[in-house]
Amino acid sequence: MKILYGVQATGNGHIARARAMLPALQAADIAVDFLFSGAPRETLFDMECFGAARFFAGFTYRIADGKLDQITTVRELRPLQFVRDVRALNVDDYDMVLNDFEPVSAWAAKWRKVPSVGLSNQFALTAPLEAFRPPWLNRLLLRHFAPCDIALGLHWYRLHDAVLPPLTERLPESAHRRGDFILVYLPAENPTVILHWLARFPEQIFHVYARVEEAQAIDNIRLFPLARAAFLHDLAACDGVLCNSGFGVCTEAMQLGKKILTRPLFGQFEQQANAAILKQYRRATVLHHWDDDTMRDWLAADGFAPLHFPDVAQAVAQWLRQGCRESPQALSAALWEEMRRLNE
């Protein structure tokens, strides 16, 4: 079996999920080629495992100071280039297109009538949510941005009956130790604002991962360049995580039992929904403004018990290998039942 795996490269969560899926697909004797869109190749890191992957412009959004920049996002759309890429992409040599909210491969599969499966946390948000209801335009976007024949959602809770538990990489075995520092990952925020705010808590050490060339120390702040292995090591060792409300890093923090202070990107409906769900289930403190009291209360709070997830990557890979014969609802029910047993 041979598949094309299209991955949205806006943010690192989709790429981290592809890293987790790759060995499971290989173990299921599935040959896989990767395609990425949404970010230039030179801005991505630790991509060697994906081999000779292809890169397309696709569609993405622009963020300025923690807010969705709608004007720049619209100005940088390249619809004619997108249509040319969809038409030029050869998907006929594949048995299936697996898609993580990546539009070029999704529309090419639809155009060529090649079977396609969507695997993304965005697909979990298509049903009405108790905690958050995206505007109608966003709901329309969720359904048509990366269309597929079968949509598998991924989320922390079973928001509807085709949602699977989170799909994550194996994390360091030292996950249960606690350090004396807070891990900070806020790539969409203004770094000057972040550093100025963190300096207001001189008694607390912060490890901040950002786009810097080399590590440096500024009083109580340690700055580190983006690197997956180093980040996971610090994630395992930290006392808590301050991050935006992206699905990937929040999932990893929950898996390790870390307390979370999360700041959703303003105007980005997925992060707004994630933050609302985390708040509803009391798994995180939501930070809408740079509020000192909220930070101090959170620093004094305890962490959570680690949340154990089943091997979703292995289950999905076997499901694909068997031709998706089992319904998404049955696959979902089995995995949530396994997760219940793991966390008893």
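Up top you'll find the structure we're talking about.
These notes cover the structure that comes with them.

Brief notes about the sheet that holds strand E8 (residues 150-154)
Turning to step 1, where the next piece is worked out: Here 7 strands make up an open sheet; going across it, the order is E3-E2-E1-E6-E7-E8-E9 and the pairing parallel. Of all the strands in the sheet, the pair left with one neighbour each is strand E3 (54-56) and strand E9 (163-164).
Turning to step 2, where the next piece is worked out: Bridge analysis of strand E7 (residues 116-120) against E8 gives 4 bridges, and the strand direction is parallel. Pairing of Ser120 across the sheet is with Gly153, part of E8.

What to know about the environment of Phe36
Turning to step 1, where the next piece is worked out: Secondary-structure assignment places Phe36 in strand E2 (residues 31-37).
Turning to step 2, where the next piece is worked out: Through-space distance from the C-alpha of Phe36 to that of Ala53 is 7.3 Å; in sequence the pair is 17 residues apart.

Here we look at the packing of aromatic side chains
One pair of aromatic rings is described through two measures. These are the centre distance and the angle between the planes.
Turning to step 1, where the next piece is worked out: Under the criterion given, the structure shown has 14 aromatic pairs.
Turning to step 2, where the next piece is worked out: A centroid spacing of 5.5 Å and a plane angle of 20° characterise the contact between Phe36 and Phe55, whose relative ring orientation is stacked. Taken together, the residues span a long stretch of sequence, with Phe36 in strand E2 and Phe55 in strand E3 at a distance of 19 residues.
Turning to step 3, where the next piece is worked out: Judged by its relative accessible area of 30%, Phe55 falls in the partly exposed class.
Turning to step 4, where the next piece is worked out: Plain terms: the ring middles of Trp197 and Phe201 are 5.4 Å apart, the flat faces sit at 85° to each other, and that makes the pair edge-to-face. There is no split in this pair, since Trp197 and Phe201 are both buried.

A short note on empty space enclosed by the protein
Turning to step 1, where the next piece is worked out: A complete count under the given rule lists 1 cavity of 30 Å³ or more for this structure.
Turning to step 2, where the next piece is worked out: The volume enclosed by the largest cavity comes to roughly 80 Å³.
Turning to step 3, where the next piece is worked out: As for the largest cavity, its lining consists of Gly13, Ala16, Arg17, Pro166, Leu167, Thr168, Glu169, Phe247, Gly248, Thr251 and Glu252.
Turning to step 4, where the next piece is worked out: Sorting the residues of the lining of the largest cavity by element identifies helix H1 (13-27) and helix H8 (247-255) as the ones contributing at least two each.
Turning to step 5, where the next piece is worked out: At 4 residues, the largest contribution of residues to the lining of the largest cavity is made by H8.
Turning to step 6, where the next piece is worked out: Across the lining of the largest cavity, the residue classes break down as 4 nonpolar, 4 polar and 3 charged.

Details of the pairing of strand E11 (residues 205-210)
Turning to step 1, where the next piece is worked out: Bridge analysis of strand E10 (residues 181-185) against E11 gives 4 bridges, and the strand direction is parallel. The partner of Val184 across the bridge, within E11, is Val208.
Turning to step 2, where the next piece is worked out: In the classification by handedness, the crossover that spans E10, the intervening helix H6 (residues 191-198) and the parallel E11 is right-handed.
Turning to step 3, where the next piece is worked out: Note: E11 against strand E13 (residues 221-225), 5 bridges, orientation parallel.

Calculation notes
Residues numbered from 1 in each chain as written. Predicted model: local features only at pLDDT ≥ 70, side-chain atom pairs only at ≥ 80, totals over all residues. Heavy atoms only, no water. Pairing = 2+ DSSP bridges. Helix = DSSP H or I, 4+ residues; strand = E, 2+ residues; numbered from the N terminus. Phe/Tyr/Trp six-rings, centres within 6.5 Å; stacked < 30°, edge-to-face > 60°. Buried < 20%, exposed > 50% of the residue type's maximum accessible area, 1.4 Å probe, protein only. 1 Å grid on protein atoms, 1.4 Å probe; cavity = no way out; pocket = protein on both sides within 12 Å on 5 of 7 lines; lining within 4 Å. Points joined across faces, edges and corners; volume = space filled by probe spheres on them. Nonpolar A, V, L, I, M, F, W, Y, C, P; charged D, E, K, R; others polar. Right-handed = clockwise from strand over helix to strand, strands pointing away.

Shape is all these values report; function is a separate question.
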